[in-house]
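Structure at a glance
Each chain, letter by letter, is given below.
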Amino acid sequence: MTEAVLALESGVWYQGVAAGAEGEARGEVVFNTSMTGYQEVLTDPSYAGQIVTMTCAEIGNYGVSPDDVESRAPQVAGFIIRDESPVASNWRATGTLREYLSENRIVAIADIDTRALTRLLRSGGVMRGVIATGSGLDPAVLVERARSIPQMEGSDLVADVTCPKAFDWPEEDPGEFGVTPERRAKRRLKIAAYDYGMKWNIMRRLSAHNCDVRVFPAKVPAAEVLATKPDGVFLSNGPGDPAALPYAIANARALVDSNVPVFGICLGHQILGLAMGGKTFKLKFGHRGANHPVKKLLTGKVEITSQNHGFAVDPQSLPADVEVTHLNLYDGTVEGLRHRERPVFCVQYHPEASPGPHDADYLFHDFINMIEDRS
């Protein structure tokens, strides 16, 4: 086994073994509490620039499958696990997790106490770190390298993960991926989607709800998107600091003013919050997992949600024409917003799941209803 070291900017370091490609990985070290779905986590563009720690003790036991990816390739900066399963025990598996990480040049470390690491990140907050593999590694040198990594605040990571040019997502069988929708749009709707680092299952869910999706790069002007005459506009998930995306905020502001129905999730939610007059702030250790309870204020109903974000909208900064619709039951942070006068709403979590529950799939129905009510 090749040796590996994880070093944090705080000066703490962990000795383990390499579990993927050899080399060095740098990024913000975060943790995800999902019990399953590690391949979806690895390929989620929202994790660009981050080294992800899985809190579940054993990872890799069902291997990897091409059906479980959420983008063209893994997006994480690095990967941290406690026990790496040596066996891929699943009829769908086409290989092991180690093979997948190596083939995609993702540096990973195993055999460290991820429970201790997670407690450290919860108490001290997420921090910059380095994973290095090989013999004769000097932890002190790696700690200094970790301290030289740019902070997440102020970083535009969307430019590295957005699509290079506009494209159309192919129509799919509504029952092929995920749950079959309770109701589909009455006619095939035309949705324009901004790609800030969009997961593929978002497009699958929109297609399943009878929508044709045209995906646009993050910096395409709103006027160009609106010129295609979409029935609605979707703002996707993505990585980094929303306040570092002035072009996206300006585009979102133009969309709000256009009166075209707009739905945003995750980073798209934060961008809409900024476009509607609010402010954002960085969370101490973020929300990442498939088991986060969210309360819908209108009904009092609690949804178990899939989440992946490190920033949140400040409710005190919102103007009177923006209403908070959902709250996180862990810490009370904003999980949903709605404009009182415009056809605009957004949520901080992932209604498309992958991984996670489908409690919030109704939000795609709400988007379709909003469009059809205005037709």
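Residues numbered from 1 in each chain as written. Predicted model: local features only at pLDDT ≥ 70, side-chain atom pairs only at ≥ 80, totals over all residues. Heavy atoms only, no water.

By secondary structure assignment, the location of Ser-155 is in the loop between α4 (139-147) and β10 (167-169). Excluding residues within four positions of it along the chain, Ser-155 makes contact with Gly-240, Asp-241 and Ala-244. (Helix = DSSP H or I, 4+ residues; strand = E, 2+ residues; numbered from the N terminus. Contact = heavy atoms within 4.5 Å.)

On to the pairing of strand β9 (residues 127-133), then. With seven of seven residues buried, β9 is to be regarded as a mostly interior element. Along β9, one buried face is formed by Met-127, Gly-129, Ile-131 and Thr-133 and the opposite face, lined by Arg-128, Val-130 and Ala-132, is buried too. When strand β1 (residues 3-8) meets β9, the two strands line up antiparallel, connected through five bridges. Within β9, the residue paired with Ala-7 across the bridge is Val-130. Two strands pair when backbone bridges link them, and strand β3 (residues 24-32) and β9 are joined in this way by six bridges, in the antiparallel orientation. Its bridge partner being in β9, Ala-25 is matched across the sheet by Ile-131. (Buried < 20%, exposed > 50% of the residue type's maximum accessible area, 1.4 Å probe, protein only. Pairing = 2+ DSSP bridges.)

Let's shift gears to helix α7 (residues 246-258). Owing to its 3.6 residues per turn, the α-helix brings residues three or four apart onto one side. In this model, α7 (13 residues) spans 18 Å end to end at C-alpha, consistent with the 18 Å of a helix rising 1.5 Å per residue. Listing the buried residues of α7 in full gives Tyr-247, Ala-248, Ile-249, Asn-251, Ala-252, Leu-255 and Val-256. Directly beyond the C-terminal end of α7, a positive phi value near 70 degrees is found at Asn-259. (Expected span 1.5 Å × (residues − 1).)

An order of β10-β12-β11-β13-β14-β19-β18-β17-β15-β16 is seen for the ten strands of this open sheet, with the pairing classed as mixed. Of all the strands in the sheet, just β10 and β16 (302-314) have a single pairing partner and so form its edges. Taking the axes of each pair of neighbouring strands and ignoring which way they run, one obtains an average angle of 25 degrees across the sheet. For strand β18 (residues 334-339) and strand β19 (residues 344-347), the ladder comprises three bridges, and the chain directions are antiparallel. If you follow Gly-336 over to β19, its bridge partner there is Val-347. Helix α8 (residues 267-275) rests against β13 (232-235), β14 (262-265), β15 (279-296), β16, β18 and β19 of the sheet, and its axis sits at about 120 degrees to β14. (Axes fitted to C-alpha atoms, helices over the stretch in contact; angles between N-to-C directions.)

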